[in-house]
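Below, each chain spelled out in residue letters.
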Amino acid sequence: MHTQQERGAHQLTQDGQFSTEAVDAGPFTAAERVSATLGTLTDALFDERTSRHPAASLTALRAASHPSAESLLGLPLAPNGPVHAAVPRLGTVVTAGTARPGSGARVSGLAATALLARYGGEPVRGTTPGQGAPTAALFELPVTGEIADPKLRPPFTAALAALASGQQTRQPIELATGSGAEVRLVVPPGFHALTSPGGPAGVSARTVPTGPITGDGTDPATGAAAAELTAHLAEVAEELFSGTGPAPRRDLAVIAASLADVITDSGVVYAGVSALEVDGRAADATLVVSLARHPLPVTGLATELATLRRHAEVWTVLLPAGPANVLVEGRSVPVPGPLAADGLRRWVVTSVVEAFVPLPDGVSVLCVQLSTAQPQDWELYTEVFAELLKSVQFGWDGVAGRLPEPVSVPVAVPTAVPAPVAVPVPATAPVPVAVATPPHGVPAEAEAPAVVPVPAPPVAAPPVDSVPPVAPAVPVLASAPAAPVAAEPEQPVRKGTPVRIPPADFNPFAPIADTPSAAPAGPEEDEDRRPKGTPVTVPPPDFNPFAPQPPTLTDTTVPQEDEERRPKGTPVTVPPPDFNPFAPQALPTAAEPEPAPTATAVQAADPFGTVMAGQSVDPFGTTIPQQPGAVPPPPSAPPAVPAPTVPVPRAAAEAEPDDSDDPDRKPKGTPVTVPPPDFNPFAPQALPTAAEPEPAPTAAPETSPFG
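Residues numbered from 1 in each chain as written. Predicted model: local features only at pLDDT ≥ 70, side-chain atom pairs only at ≥ 80, totals over all residues. Heavy atoms only, no water.

Asker: What is the right way to look at the pattern of salt bridges in this model?
Answerer: Two side chains carrying opposite charge are able to pair once their charged atoms lie near each other. Scanning the model with the defined rule gives 16 salt bridges in all. Across the salt bridge formed by Glu182 and Arg100, the nearest N and O atoms sit 3.9 Å from each other. You can see Glu182 sitting in strand 6 (residues 181-187) and its partner Arg100 sitting in the loop between strand 3 (91-97) and helix 4 (108-118), a full 82 residues away along the chain. For Arg100, a relative accessible area of 15% puts it in the buried group. Among the charged side chains, a network of salt bridges with common partners joins Glu32, Arg309, Glu329, Arg331 and Glu354. (Salt bridge = Lys/Arg side-chain N within 4 Å of Asp/Glu carboxyl O. Helix = DSSP H or I, 4+ residues; strand = E, 2+ residues; numbered from the N terminus. Buried < 20%, exposed > 50% of the residue type's maximum accessible area, 1.4 Å probe, protein only.)

In structure tokens, the structure reads:
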């Protein structure tokens, strides 16, 4: 049964809406599990008996002032030396390379057994006598951290934010071909490493005694790696619990030895813990350095981290080694019951900062993460973490890395013969079969032949080899051939939504008429099929709604009975552009008389008949032509002026006689005249001008046959 504290921690995790299953297992999950496990050890094993260093030990040494600070790859480390080594006045230099994977030999059991024997064989915390060599599973390790409540997320401190400022970057050191990519960094002296200085078996060159494998089946290189790990963990336990008895030393050394294989398999090259004293109180932290395969660049990795860790704060910074991503979040780590002092499982909230630095080979990423359970020391540890990131240096042989190809696992195909599959057979109609001839004395037409249903012959199932083992049998009707499916014509795709405009006399507030009873309606009376509304015409693209409309004539010949076709409204007459509403109305002018036909020159007759056909009228030129400037003689009488007549339009003349008494046939509205654009209403009104007299008709010229 979980305790109240554990249930509260679980509720805290549920409020964060994250769990272990919610985050996809990525390339950094194993190293994060190691970091959470180290946080569990410091919370369960570190107490008031722990020997602690002052907080100044983290910041006393400055890597920038050391002669080797800018040339870490020049130090004699792996592969010919250790994986991490303490350099005086600098710190612990850690190295990791992609070309040194190690042999993968198991050393946890050998180191744990040797340490248990070294401390007298007494049982370790959480175990009972007689259980043999302790394993990590016996202590319920490793553990997995869960995302804590977003309210408990630590801040992104100023020391971390300063990494985002522009600075000069270092070029990778050129290495020999085949060396791959290598990284080195400096860890402050306040951390105690729980990993062997020489690394896992096969990573670095050790002095291994030559000879055959020992009697217990241990390889000499594996035995040397286990012996080195045993001596190193015993030394770390002495440093952390120097003023106490052997029990806490045994617990720390044996439990750390049981985690050696887990740490190696996760790609971790350095795992350390810190035990400090800050202002008279304890301050613990963990540090994990690992390598992982990840092909995404910095921008892609930042997007992935922000997507998977929605409650974390992710920054892209620029280190001297190149661009990197820094993540800050809160995690809840469990403390298993076998390790807790009271034997009860509980949860601890830790503050975590994690950096992801891509290596030059393009497929490897350096992952460095620091965690602490004391939020009041967050500023101190983030400053140390920022200085650690600044010390990262790369070396590269210039060969691009390659991701491991996926291994195809052969799938075993079962050899068992599958059960026969029944094929459904369609039912057939009974076959009429005539029975034997009727007995003697019974007429043949008196009794019809009996119909006996005969079952259809059984259809043999297909052989087992012809039935696929994974696809189910599909029933096929052999008696009914499949009818060809007619291809449906493609319907034209219409865009938009068709609408209908209601008529002009539509009243939305009118009561709804009762629906008539349903009756078989013909094609013309089907109300559902009849289009509703008034069709409208879309104006052309060059339509000008402000242009003057041409005058329209009211059609007065529309029959009175057709009310629906009669235009509604009052027709008006648009005045011409030069209309002056303030000008005096002029009297109707008399129609100009038609000009009299001009008298043509009448040729004199030929009294003597001497003019031949085709001969000119005046062969001798004796005819006097009409003078253009001659003034006609005054008329003896004034010309007659015809009465003024009004021209009748042709349409009106052809139309039927107007009936003034019929109001329906009269045009409605009052004709108006629009003034012209240059009309001036304040100009003086001009008097009507008198009509000019008509010119007198020109008289025909006189003709003289004798000139």
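So that's the structure; there's more coming.
Asker: Help me understand helix 7 (residues 246-258), please; the structure alone is not making it clear to me.
Answerer: An α-helical turn contains 3.6 residues, so any two residues separated by three or four positions project in the same direction. Across its 13 residues, helix 7 extends 18 Å between first and last C-alpha, which sits within 8% of the 18 Å expected from 1.5 Å per residue. Burial within helix 7 is extensive, with 11 of its 13 residues counted as buried. For helix 7, the full list of buried residues reads Pro248, Arg249, Arg250, Asp251, Leu252, Ala253, Val254, Ile255, Ala256, Ala257 and Ser258. If you follow the buried residues of helix 7, they end up packed against helix 2 (29-45), helix 4, helix 6 (220-240) and helix 8 (260-265). (Expected span 1.5 Å × (residues − 1). Contact = heavy atoms within 4.5 Å.)

Asker: Got a minute to help me understand the sheet that holds strand 5 (residues 173-174) in this structure?
Answerer: Strand pairs in the sheet, formed through backbone hydrogen bonds, run parallel or antiparallel to each other. What the 5 strands build is an open sheet, ordered 2-3-6-14-5; its pairing is mixed. At either margin of the open sheet sits one strand with a lone partner, and together these are strand 2 (84-87) and strand 5. Sheet analysis places strand 5 next to strand 14 (residues 393-396), joined by 2 bridges and oriented parallel. Across the sheet, the residue bridging to Glu174 is Trp396, located in strand 14. (Pairing = 2+ DSSP bridges.)

Asker: I'm lost on the side chain of Arg346 in this one. Help?
Answerer: With respect to the secondary-structure elements, Arg346 resides in strand 12 (residues 346-358). Relative accessible area serves as the criterion here: at 19%, Arg346 is assigned to the buried category. At a separation of 2.6 Å, a polar atom in the side chain of Arg346 contacts the side chain of Asp43. (Polar contact = N/O pair within 3.5 Å; in protein donor to acceptor, adjacent residues only side chain to side chain.)

Asker: Any chance you could explain the packing of aromatic side chains here in plain terms?
Answerer: Given two aromatic rings, one states the distance between the centres and the angle between the planes to describe the pair. Per the counting criterion, the structure on display carries 3 aromatic pairs. Considering the side-chain rings of Phe156 and Trp315, the 4.2 Å spacing of their centres and the 15° angle between planes classify their relative orientation as stacked. Here the residue Phe156 occupies a position in the loop between strand 4 (146-147) and helix 5 (158-161), and Trp315 occupies one in strand 10 (residues 313-319), the gap between them amounting to 159 residues. What makes Trp315 partly exposed here is its relative accessible area of 29%. (Phe/Tyr/Trp six-rings, centres within 6.5 Å; stacked < 30°, edge-to-face > 60°.)

Asker: Sorry if this is basic, but what is going on with the packing of helix 4 against helix 6 here?
Answerer: The contact between helix 4 and helix 6 brings their axes to 9 Å, and the two run at 45°. By the angle between their directions, the pair helix 4 and helix 6 is classed as oblique. Seen along the crossing, helix 4 lies across helix 6 with a hand that is right-handed. The segment helix 4 lies against helix 6, with Leu110, Ala111, Ala114, Leu115 and Arg118 engaging Thr222, Ala226, Leu229, Thr230, Ala231, Leu233 and Ala234. Looking at the contact of helix 4 with helix 6 residue by residue, the classes come out as 9 nonpolar, 2 polar and 1 charged. (Axes fitted to C-alpha atoms, helices over the stretch in contact; angles between N-to-C directions. Parallel < 35°, antiparallel > 145°, perpendicular 65-115°, else oblique. Left-handed = near helix turned anticlockwise from the far one by under 90°. Nonpolar A, V, L, I, M, F, W, Y, C, P; charged D, E, K, R; others polar.)

Asker: Would you mind showing me how to read helix 6 here?
Answerer: In a regular helix each residue adds 1.5 Å, so 21 residues correspond to 30 Å; helix 6 covers 31 Å between its end C-alpha atoms and thus fits that length. The opening residue of helix 6 is Asp219, an N-cap whose side-chain oxygen sits 3.0 Å from the backbone nitrogen of Ala221.

Asker: Would you explain the confidence of the model for the protein in this entry?
Answerer: Interpretation of the predicted coordinates at a detailed level should be avoided for regions scoring low in pLDDT. Chain-level pLDDT for the protein is 74 on average; 59% of the residues reach the 70-or-more range. Here residues 515-525 scores under 50 on pLDDT; set against residues more than four positions off or in separate chains, the count is 3 contacts. (pLDDT = per-residue confidence, 0-100.)

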